[in-house]
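So the chains spell out like this:
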Amino acid sequence: MVTAAGSGGVVLRVSGPDRLEFLLHRVDGREADAQTSDYRLEVISPESDDLPVVLSVWYQRLGDGAEQEILIPLTRAPLGPASSVIGLAGYDPEAFWQISRPVSAGRIPAWNLGTVRTSVAAAASQATLSAWHHVADRVDERVRAMILGDMP
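What you are looking at is a predicted structure, and each value in this text was computed from that prediction instead of being measured.

**With respect to the packing of aromatic side chains**
Right, on to step 1. In the structure shown here, the tally under the stated rule is two aromatic pairs.
Right, on to step 2. Relative to Tyr91, the ring of Tyr39 lies with its centre 4.9 Å away and its plane at 70°, an arrangement referred to as edge-to-face. Linking Tyr39 in strand E3 (residues 39-45) with Tyr91 in the loop between strand E6 (82-87) and strand E7 (97-99), this pair joins segments that are 52 residues apart in sequence. You'll find Tyr39 and Tyr91 in the same group, each marked buried.
Right, on to step 3. Ring geometry for Tyr59 against Tyr91: centres 5.8 Å apart, planes inclined by 65°, an arrangement best described as edge-to-face. Of this pair, Tyr59 sits in strand E4 (residues 53-60) while Tyr91 sits in the loop between E6 and E7; the two residues are 32 residues apart in sequence, bridging distant segments of the chain.
Right, on to step 4. Residue Tyr59 is classed as buried on the basis of its relative accessible area of 2%.
Right, on to step 5. Taken together, the aromatic side chains of Tyr39, Tyr59 and Tyr91 make up a single cluster linked through ring pairs.

Quick look at the structure:
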């Protein structure tokens, strides 16, 4: 579990499971826009034969303290390491957050469709949206429809 605080730029850099790297970014000047998170989490992975993978981040929301789960997909990048960026809506920088080990997208036995919808909406980069497309190719029809139906 990790906590973070600070303002502007990268406020935390953490090495995680399976050689993943996590960068927590503070996005300044976004407080007035309720649809845009003040924090973004970037996940970077060295190349792997098992991509695409999905991992979860759990964090507490500011105000109500409710726990939020966001799924983060990673797939091969055209250049450089695999990377995804997600918005952490309502993230409380004083609270703990936790990250799961990555799991091959085709090996996830059960998907929570509400979490999938929230996670696709949290995608904050084109690479993350592309990773969701790769995940959609490896899941059942119900989950695929949820992923592709929520694509911007």
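From this point, things continue past the structure.
**As for the pattern of salt bridges**
Right, on to step 1. What the rule picks out here adds up to four salt bridges.
Right, on to step 2. The closest approach of N and O atoms between Glu21 and Arg13, which form a salt bridge, is 2.2 Å.
Right, on to step 3. With a closest N to O distance of 2.5 Å, Glu141 and Arg144 form a salt bridge. In this pair, Glu141 and Arg144 both sit in helix H3 (residues 141-149), three residues apart, roughly one turn of the helix.

**Here we look at helix H1 (residues 113-121)**
Right, on to step 1. Here H1 has its buried residues at Thr115, Val116, Ser119 and Val120. In an axial view of H1, the angular spread of the buried residues amounts to 130°, which keeps them on one side of the axis.
Right, on to step 2. In this structure, the buried residues of H1 make contact with strand E5 (67-74), helix H2 (126-136) and H3.
Right, on to step 3. The N-capping residue of H1, defined by a side-chain oxygen 2.9 Å from the backbone nitrogen of Gly114, is Asn112.

**Concerning the packing of H1 against H3**
Right, on to step 1. Between H1 and H3, whose axes approach to 9 Å, the crossing angle comes to 30°. Put simply, H1 runs roughly parallel to H3. Handedness of the crossing formed by H1 with H3: right-handed. Together, Leu113, Val116, Arg117 and Val120 of H1 and Arg142, Val143, Met146 and Ile147 of H3 make up the contact between the two elements.
Right, on to step 2. Of the residues that constitute the contact of H1 with H3, the class distribution is six nonpolar, no polar and two charged.

**A short note on the confidence of the model for the chain**
Right, on to step 1. Per-residue pLDDT for the chain averages 83, and the proportion of residues at 70 or more is 86%.
Right, on to step 2. Element-level mean pLDDT values for the chain span from 81 in strand E1 (residues 9-15) up to 95 in E5.
Right, on to step 3. Note on residues 1-7: pLDDT under 50 across the span, and 28 contacts to partners over four residues away in sequence or across chains.
Right, on to step 4. Overall, residues 30-36 carries pLDDT values under 50, and its contacts beyond four positions in sequence, including any with other chains, amount to six contacts.

What counts as what
- Residues numbered from 1 in each chain as written.
- Predicted model: local features only at pLDDT ≥ 70, side-chain atom pairs only at ≥ 80, totals over all residues.
- Heavy atoms only, no water.
- Phe/Tyr/Trp six-rings, centres within 6.5 Å; stacked < 30°, edge-to-face > 60°.
- Helix = DSSP H or I, 4+ residues; strand = E, 2+ residues; numbered from the N terminus.
- Buried < 20%, exposed > 50% of the residue type's maximum accessible area, 1.4 Å probe, protein only.
- Salt bridge = Lys/Arg side-chain N within 4 Å of Asp/Glu carboxyl O.
- Arc of directions from axis to C-beta.
- Contact = heavy atoms within 4.5 Å.
- Polar contact = N/O pair within 3.5 Å; in protein donor to acceptor, adjacent residues only side chain to side chain.
- Axes fitted to C-alpha atoms, helices over the stretch in contact; angles between N-to-C directions.
- Parallel < 35°, antiparallel > 145°, perpendicular 65-115°, else oblique.
- Left-handed = near helix turned anticlockwise from the far one by under 90°.
- Nonpolar A, V, L, I, M, F, W, Y, C, P; charged D, E, K, R; others polar.
- pLDDT = per-residue confidence, 0-100.

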